[in-house]
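Fold and geometry: a report
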Amino acid sequence: MSKIIFITGTSSGFGKLTTITLAKAGHTVIAGMRGSNGKNKAAADELSALPNVEIAEIDITSDASVNAAIQQTLAKHGRIDVLVNNAAVSGFGLFEAYSIDQWKNMMDVNLYGIVRTYHAVLPSMREKKNGLIINLTSGASGHTLPFMAPYLASKFAVEAITEGAQDELRQFGIDNVSIQPGVYPTEMNNGSKAGINSDRPEITAAYEPGASALFNAIGSGLFGKMTEFNMDPQAIADGILELVNMPRGKRPLRFPLDAIAQGTDKEFIQARAEIKERWSKNYGFHAALYGQH
């Protein structure tokens, strides 16, 4: 059955590929992006020329913009079956070298942007008693790395939203899934898309020369493995289509798509789930969470 799917951040990368993939599969895709009549007009024109694709102007850092885009979609189609929260920004730098303002900027996009879309779409999904929300987080969402603390903190927070919302929204038939991609050659990682980076160079200087050596070692590892494993962003779009096509209630909470991890991500997710189940038994609310008596 064809679904109405709203995707954020579709001007490039995973969002653009996912729009094309889902539209080709016969779904109606509302491709959300900023600057659809400005800096991203070429991408908007390219996608809008495809069958089953509509463009929606949306700035996920604006309550008014998010609400307008979702309400316009609901007014036209009567429902949104799937929301894909793809829009995000990366960033690198020492933890101490990030000002509070840069922390706020990171969270406004990567965390509060998702909160805004949830708030906008949930009333309709709850009324319909049906829905799927897919959040793209990070392959490192179970742990962190040097120089990525603010970025990964924002993604950890989205993992928390996804997990908490899954239990709260189960009664309404709404599934929540986090996709945990590894390192892929998208605009977010090749330098063509601006990130929210550290902005206190005097602090960074105090960490030298050790900081640069560590940063270069981690970067070489990440990007070297991306090449070695020939990471194709299409894998994320195909994974989202797989989730869309799964039966309601059968979708996993976390859906890792990281060949470089070689299964360690899946092991971590499974161990995490098993520990949480035992922990909930110890606290006495296992039956409420898992429906077991």
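Residues numbered from 1 in each chain as written. Predicted model: local features only at pLDDT ≥ 70, side-chain atom pairs only at ≥ 80, totals over all residues. Heavy atoms only, no water.

**Some words on the overall build of the protein chain**
Secondary structure summary: the protein chain contains 11 helices and seven strands in total. Taken over C-alpha atoms, the radius of gyration comes to 19 Å for the protein chain, in line with the 19 Å a tight globule of 293 residues would show. Taken over the C-alpha atoms alone, the protein chain extends approximately 55 × 55 × 35 Å along its principal axes. In the protein chain, which comprises 293 residues, the proportion classed as buried is 46%. Of all intrachain contacts in the protein chain linking residues separated by at least 6 positions in sequence, the fraction that spans at least 24 positions is 72%. Entry remark: accessible area of the protein chain is about 14100 Å², with carbon and sulfur atoms responsible for 55%. A distance of 7 Å separates the average location of the 27 positive side-chain charges in the protein chain from that of its 29 negative side-chain charges. (Helix = DSSP H or I, 4+ residues; strand = E, 2+ residues; numbered from the N terminus. Rg over C-alpha atoms; globule rule 2.2 N^0.38 Å. Buried < 20%, exposed > 50% of the residue type's maximum accessible area, 1.4 Å probe, protein only. Contact = heavy atoms within 4.5 Å. Areas by Shrake-Rupley, 256 points an atom, 1.4 Å probe, with all protein chains shown as cover. Lys, Arg positive; Asp, Glu negative; His and termini not counted. Charge placed at Lys NZ, Arg CZ, Asp CG, Glu CD.)

**Digging into the sheet that holds strand 3 (residues 53-57)**
Pairing is parallel across the open sheet formed by seven strands, whose spatial order is 3-2-1-4-5-6-7. Of all strands in the sheet, those bounded by a partner on one side alone are strand 3 and strand 7 (254-257). Here the average twist between neighbouring strands, direction ignored, is 20°. Pairing of strand 2 (residues 28-33) with strand 3 involves five bridges; the strand directions are parallel. Opposite Ala31, over in strand 3, you have Ile55 as the bridge partner. Sheet strands touched by helix 2 (residues 41-48): strand 2 and strand 3. Its angle to strand 3, the strand with the most contacts, is close to 150°. The strands that helix 9 (residues 234-245) touches are strand 1 (4-7), strand 4 (82-85), strand 5 (131-136), strand 6 (174-181) and strand 7; relative to strand 5, the one it contacts most, it runs at about 160°. (Pairing = 2+ DSSP bridges. Axes fitted to C-alpha atoms, helices over the stretch in contact; angles between N-to-C directions.)

**Focus on the pattern of salt bridges**
With the rule as written, the count across this model stands at 14 salt bridges. Note that Glu202 is salt-bridged to Arg200, the shortest N-O span being 4.0 Å. Assessed through its relative accessible area of 51%, Glu202 is described here as exposed. By relative accessible area, Arg200 is classed as partly exposed at 30%. Linking Glu228 and Lys225 is a salt bridge whose minimum nitrogen-to-oxygen distance equals 3.2 Å. Taken together, the residues span about one helical turn, with Glu228 and Lys225 both in helix 8 (residues 210-228) at a distance of three residues. Using a relative accessible area of 54% as the deciding quantity, one classes Glu228 as exposed. One continuous salt-bridge network, built from bridges that share partners, spans Glu159, Glu163, Asp167, Arg170, Arg254 and Lys276. (Salt bridge = Lys/Arg side-chain N within 4 Å of Asp/Glu carboxyl O.)

**Re a nonpolar patch on the surface**
A contiguous nonpolar patch, built from Trp279, Tyr283 and Phe285 and spanning about 340 Å² of accessible area, is present on the exposed surface. Summarising the element assignment, Trp279 is placed in helix 10 (residues 264-283). A relative accessible area of 43% places Trp279 in the partly exposed class. (Patch = residues over 30% accessible without salt bridge, like charges linked within 9 Å, V, L, I, M, F, W, Y side chains within 5 Å.)

**What about the pairing of strand 6?**
The element strand 6 is extensively covered by neighbouring structure, given that eight of its eight residues are classed as buried. Burial of strand 6 is two-sided: the residues Ile174, Asn176, Ser178 and Gln180 facing one way and the residues Asp175, Val177, Ile179 and Pro181 facing the other way are all buried. Pairing geometry for strand 5 and strand 6, over six bridges, is parallel. Considered in strand 6, the bridge of Asn135 is made with Ser178. Pairing geometry for strand 6 and strand 7, over four bridges, is parallel. Each bridged residue has a counterpart across the sheet, and for Ile179 the counterpart in strand 7 is Phe255.

**Re the nonpolar core**
Among the nonpolar cores identified, the biggest contains 35 residues, and Phe6, Ile70, Ile80, Tyr118, Met125, Ile133 and Leu169 are the most heavily contacted of them. Residue assignment for this core shows that the elements contributing at least two residues are strand 1, helix 3 (63-77), helix 4 (100-110), helix 5 (112-128) and helix 6 (149-169). If you tally residues by element for this core, the top one is helix 5, at six residues. Here Leu169 is in contact with Tyr118, Leu122, Arg126, Ile174 and Asn176, once residues within four sequence places are set aside. Ala31, Ala44, Val84 and Ile179 belong to the second-largest nonpolar core, a separate cluster that totals 31 residues. (Core = buried A, V, L, I, M, F, W, Y, C linked by side-chain atoms within 4.5 Å.)

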